[in-house]
Amino acid sequence: MINDLWYKNAVIYCLSVGSFQDTDGDGVGDFQGLMRRMDYLGGLGVTAIWLMPFQTSPGRDDGYDVSDYYNVDPRYGSLGDFVEFTHAAKQRGIRVLIDLVVNHTSSEHAWFKSARSDPDSRYRDWYIWSEKKPANANKGMVFPGVQKSTWTYDEKAAAYYFHRFYDFQPDLNTANPLVQAEILKIMGFWIQLGVSGFRMDAVPFVIAEKGAEVTKPSEQYGMLRRFREFLQWRKGDAIILAEANVLPETDFEYFGDDGDRMHMMFNFQVNQSMFYALASADARPLVKAIEKTSVRPATAQWGMFLRNHDELDLGRLPETHRQTVFDAFGPDKDMQLYDRGIRRRLAPMLDGDPRRIRQAYSLMFSLPGTPVIRYGDEIAMGDDLSLPERNCARTPMQWSVEPQAGFTKSSKPELPVIVDGPYGYHHVNVADQRRDADSMLNWLERLIRMRKEAPEIGWGDCISLDTGDPGILALRYDWRNNSVLVVHNLHPKPVEFELQLDGEGTGGNRLIDIMDGGNSEADDKGRHTLLLDAYGYRWYRLGGLDYLLRRSEV
Ligand code: GLC
């Protein structure tokens with residue numbers, strides 16, 4: 001069983017084909033390029049890749065506006081290239097997850113074009129219409145400040161259409177059984193081409209009741225079960241990873257009480273409190289968020305992450321905590337976005353301080369779930385705040401000191417490569433870091449190896465231990481007679497503290513440091529005295545290193 005539920009302990013790497021590696025010199029990355037970098041990803045140790053949307057699209061929201069679900073955008077290659085890629089991934093034991101963007105289509109999609117031009121079109125009811133301007137037209141925008149409303153008048157249709165996101169992303173009428181059938185068909189198509197599942201975009205909106213009269217939309221959770229059932233019929237070990245930034249009270253609605261809905265969800269609650277912990281050296285809200293969310297169906301899993309392709313959304317934090325994070329990591333207006341988040345990459349948020357960047361990654365990897373890494377973060381890439389909105393953190397991967405960071409032969413990549421300043425590609429690139437034993441890249445590779453050898457984190461019960469200091473976080477995992485303890489010092493100064501390891505599990509008297517040297521023996525009262533550097537962290541195995549022998553497989 002533990003080998004079947006591969007996603008419980010995966011290491012997921014997300015990337016956008018267009019920013020990774022260009023081979024044909026048009027300034028846009030492509031599948032051929034991605035294939036050339038597969039051994040890089042294999043070497044890093046990732047076990048799954050999540051691809052941002054690559055289907056045919058006018059590209060007005062970086063591909064989250066799909067105009068043909070059954071094709072690869074020609075800029076990235078062909079369907080043939082895609083299948084070569086999934087094959088290349090499989091040969092290296094890497095699974096492929098792809099974005100499934102079905103809350104809305106592009107306004108350029110043939111379905112929408114047909115729907116708007118003819119009231120009798122068979123696609124009319126695939127979208128949400130209203131003859132009159134709905135009373136709530138100026139409410140519920142996802143991109144406030146950029147998006148003006150959620151209902152836009154279409155001359156051709158002589159009606160308003162609903163769009164939760166930008167006006168060029170009309171919402172699909174997901175309650176329509178024909179639309180649901182099409183969503184299953186899309187999933188079936190890509191499964192056939194070799195993917196292991198989907199990152200489902202904007203799930204709360206997909207399942208929300210939609211319409212001009214709807215003031216408090218209820219969720220149609222049953223839909224999630226239907227998606228799941230279909231997927232499992234087609235491929236037993238395929239999964240759905242839901243993008244659902246919801247309150248912990250509804251987590252079980254998404255996972256299903258018996259784990260029969262979404263396999264995975266991103267843990268936004270923990271993500272936001274983690275940034276608060278890093279900003280304030282107070283881990284208490286993070287512990288609360290972990291406690292509120294760590295109970296989940298045995299087969300379900302959290303996706304843990306630091307940054308992703310969107311802004312760091314702080315909308316779930318209390319006002320004062322949000323301000324603390326803004327002050328620490330995004331004090332200037334142009335670092336912030338949509339009044340709720342920070343659009344920077346991780347490294348510049350942490351002042352490029354390797355101790356803090358590594359600590360943040362160590363922390364994220366030690367939280368109860370499966371780590372999701374963003375391309376470029378493994379070499380601590382920076383951002384380009386002169387680019388609009390979220391594009392600042394989507395610049396091309398920096399491979400080497402060759403022109404355009406080795407990303408493209410074109411002198412004009414679609415999004416510019418970062419050249420100037422401390423994050424320019426002359427200072428931050430893969431080739432240099434490969435050769436440097438102490439680089440972020442080599443460090444992360446070690447962290448990945450260590451995380452893979454600590455399956456307790458994905459499977460086990462997580463408890464937070466009392467360290468007597470809110471700036472020292474100690475998490476202990478117990479699973480099948482094995483235990484792991486991970487400690488983090490959020491303070492900018494070294495701290496010595498005492499830790500009592502009671503409870504079940506073996507060998508609490510002896511802590512073996514599994515990342516660096518420095519074991520600890522308890523005193524005769526069972527207490528450990530541990531010293532952590534400024535922003536330090538340590539990963540221990542309790543008892544001894546023979547955990548493989550103690551592990552009982554089923
Ligand atoms: C999700 C994506 C975001 C996109 C939006 C609309 O939130 O993460 O990038 O703009 O959906 O599809």
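Up top is the structure these notes are about.
Residues numbered from 1 in each chain as written. Predicted model: local features only at pLDDT ≥ 70, side-chain atom pairs only at ≥ 80, totals over all residues. Heavy atoms only, no water.

## Quick word on the pattern of salt bridges
In step 1: For the coordinates displayed, the defined rule picks out 29 salt bridges.
In step 2: With a shortest N-O distance of 2.8 Å, Asp260 and Arg225 are connected by a salt bridge. Remark: Arg225 occurs in helix H8 (residues 222-234) and Asp260 occurs in the loop between helix H9 (251-255) and strand E11 (264-266); sequence separation between them is 35 residues.
In step 3: By relative accessible area, Arg225 is classed as partly exposed at 35%.
In step 4: One salt-bridge network, in which partners are shared between bridges, spans Asp61, Asp62, Asp310, Arg390 and Arg394. (Salt bridge = Lys/Arg side-chain N within 4 Å of Asp/Glu carboxyl O. Helix = DSSP H or I, 4+ residues; strand = E, 2+ residues; numbered from the N terminus. Buried < 20%, exposed > 50% of the residue type's maximum accessible area, 1.4 Å probe, protein only.)

## A short note on the site of the ligand
In step 1: The local shell around the ligand consists of Asp61, Tyr64, His104, Phe143, Phe165, Arg199, Asp201, Glu243, His309, Asp310, Arg390 and Arg394.
In step 2: The side chain of His104 places a nitrogen or oxygen atom 2.9 Å from an oxygen atom of the ligand.
In step 3: Arg390 has a polar side-chain atom sitting 3.0 Å from an oxygen atom of the ligand.
In step 4: When atoms are counted within 2 Å of each cavity's grid points, the one that captures over half of the ligand is the largest pocket.
In step 5: Residues belonging to the shell around the ligand are distributed by class as follows: three nonpolar, two polar and seven charged. (Near = heavy atom within 4 Å. Polar contact = N/O pair within 3.5 Å; in protein donor to acceptor, adjacent residues only side chain to side chain. 1 Å grid on protein atoms, 1.4 Å probe; cavity = no way out; pocket = protein on both sides within 12 Å on 5 of 7 lines; lining within 4 Å. Sits in = over half its atoms within 2 Å of the grid points. Nonpolar A, V, L, I, M, F, W, Y, C, P; charged D, E, K, R; others polar.)

## Focus: the sheet that holds strand E14 (residues 336-337)
In step 1: Strand order in the open sheet formed by three strands is E13-E15-E14, with antiparallel pairing between adjacent strands. With partners counted over all chains shown, the strands left at the sheet margins are strand E13 (312-313) and E14, one partner each. (Pairing = 2+ DSSP bridges.)

## Regarding the packing of helix H14 (residues 354-365) against helix H16 (residues 440-452)
In step 1: Where H14 meets H16, the closest approach of the two axes is 11 Å, and the angle between their N-to-C directions is 20°. When the axes of H14 and H16 are compared, the pair comes out roughly parallel. Two packed elements cross with a definite hand, and for H14 against H16 that hand is right-handed. Across the interface between the two elements, Ile357, Arg358, Tyr361, Ser362 and Phe365 of H14 pack against Met440, Trp443, Leu444, Leu447, Ile448 and Arg451 of H16.
In step 2: When the residues that make up the contact of H14 with H16 are grouped by side-chain class, the tally is eight nonpolar, one polar and two charged. (Axes fitted to C-alpha atoms, helices over the stretch in contact; angles between N-to-C directions. Parallel < 35°, antiparallel > 145°, perpendicular 65-115°, else oblique. Left-handed = near helix turned anticlockwise from the far one by under 90°. Contact = heavy atoms within 4.5 Å.)

## Looking at helix H6 (residues 177-192)
Because an α-helix completes one turn every 3.6 residues, residues spaced three or four positions apart along the sequence face the same direction.
In step 1: The terminal C-alpha atoms of H6, which comprises 16 residues, lie 22 Å apart, in line with the 22 Å expected from a rise of 1.5 Å per residue.
In step 2: Burial in H6 covers these residues: Val179, Gln180, Glu182, Ile183, Ile186, Met187, Gly188, Trp190 and Ile191.
In step 3: Looking at the residues trailing H6, positive phi occurs at Gly194, about 110°. (Expected span 1.5 Å × (residues − 1).)

## Thoughts on the environment of Gln433
In step 1: With respect to the helices, strands and loops of the structure, Gln433 is situated in helix H15 (residues 430-435).
In step 2: In contact with Gln433, not counting residues within four places along its chain, are Glu378, Ile379, Val428, Ser439, Met440, Leu441 and Asn442.
In step 3: In this structure the side chain of Gln433 is engaged in a polar contact, spanning 3.1 Å, whose partner is the backbone oxygen of Ile379.

## Focus on the nonpolar core
In step 1: Tyr13, Leu41, Leu51, Phe82 and Tyr361 are the most contacted members of the largest nonpolar core, which has 155 residues in total.
In step 2: Discounting chain neighbours no more than four positions away, the residues touching Leu41 are Tyr13, Leu15, Phe20, Leu34, Val46, Ile49 and Ile94.
In step 3: Counting residues in hydrophobic clusters, the runner-up holds 14 residues, among them Leu465, Ala474, Leu530 and Leu532. (Core = buried A, V, L, I, M, F, W, Y, C linked by side-chain atoms within 4.5 Å.)

## Structural notes on the packing of helix H10 (residues 268-280) against helix H12 (residues 319-329)
In step 1: Two numbers describe how H10 lies on H12: the axes approach to 9 Å, and their chain directions differ by 60°. Compared by their axis directions, H10 and H12 come out oblique. In terms of crossing hand, the pair formed by H10 and H12 is left-handed. For the pair formed by H10 and H12, the contact residues are Phe275, Tyr276, Leu278, Ala279 and Ser280 on the first element and His321, Thr324, Val325, Ala328 and Phe329 on the second.
In step 2: For the contact of H10 with H12, a count of residues per class yields seven nonpolar, three polar and no charged.

## What about the environment of Pro134?
In step 1: Inspection of the secondary structure puts Pro134 in the loop between strand E6 (129-130) and strand E7 (151-154).
In step 2: With 18 residues separating them along the chain, Pro134 and Thr152 place their C-alpha atoms 9.9 Å apart.
In step 3: Apart from the residues lying within four places of it in its own chain, the contact partners of Pro134 are Trp151, Tyr160 and Ala212.

## Points about the packing of aromatic side chains
In step 1: Under the definition given, this model contains 39 aromatic pairs.
In step 2: Here Trp6 and Tyr7 contribute two aromatic rings whose centre-to-centre distance is 5.9 Å and whose plane-to-plane angle is 90°, an arrangement assigned as edge-to-face.
In step 3: Between the aromatic rings of Tyr70 and Phe189, the centroid separation amounts to 5.2 Å while the plane-to-plane angle is 85°, which identifies the pairing as edge-to-face. With Tyr70 in strand E4 (residues 68-72) and Phe189 in helix H6, this residue pair connects regions lying 119 residues apart in the sequence.
In step 4: Accessibility expressed as a relative area gives 21% for Tyr70, which makes it partly exposed.
In step 5: Put simply, the rings of Phe31, Phe54, Tyr70, Phe82, Phe85, Phe189 and Trp190 pair up and form one aromatic cluster.
In step 6: Above the face of the Trp129 ring, Arg124 is positioned so that its terminal group lies 4.6 Å from the ring centre.
In step 7: A cation over an aromatic ring shows up here: Arg345 above the ring of Tyr375, its NZ or CZ 4.9 Å from the ring centre. (Phe/Tyr/Trp six-rings, centres within 6.5 Å; stacked < 30°, edge-to-face > 60°. Lys NZ or Arg CZ within 6 Å of the ring centre and 35° of its normal.)

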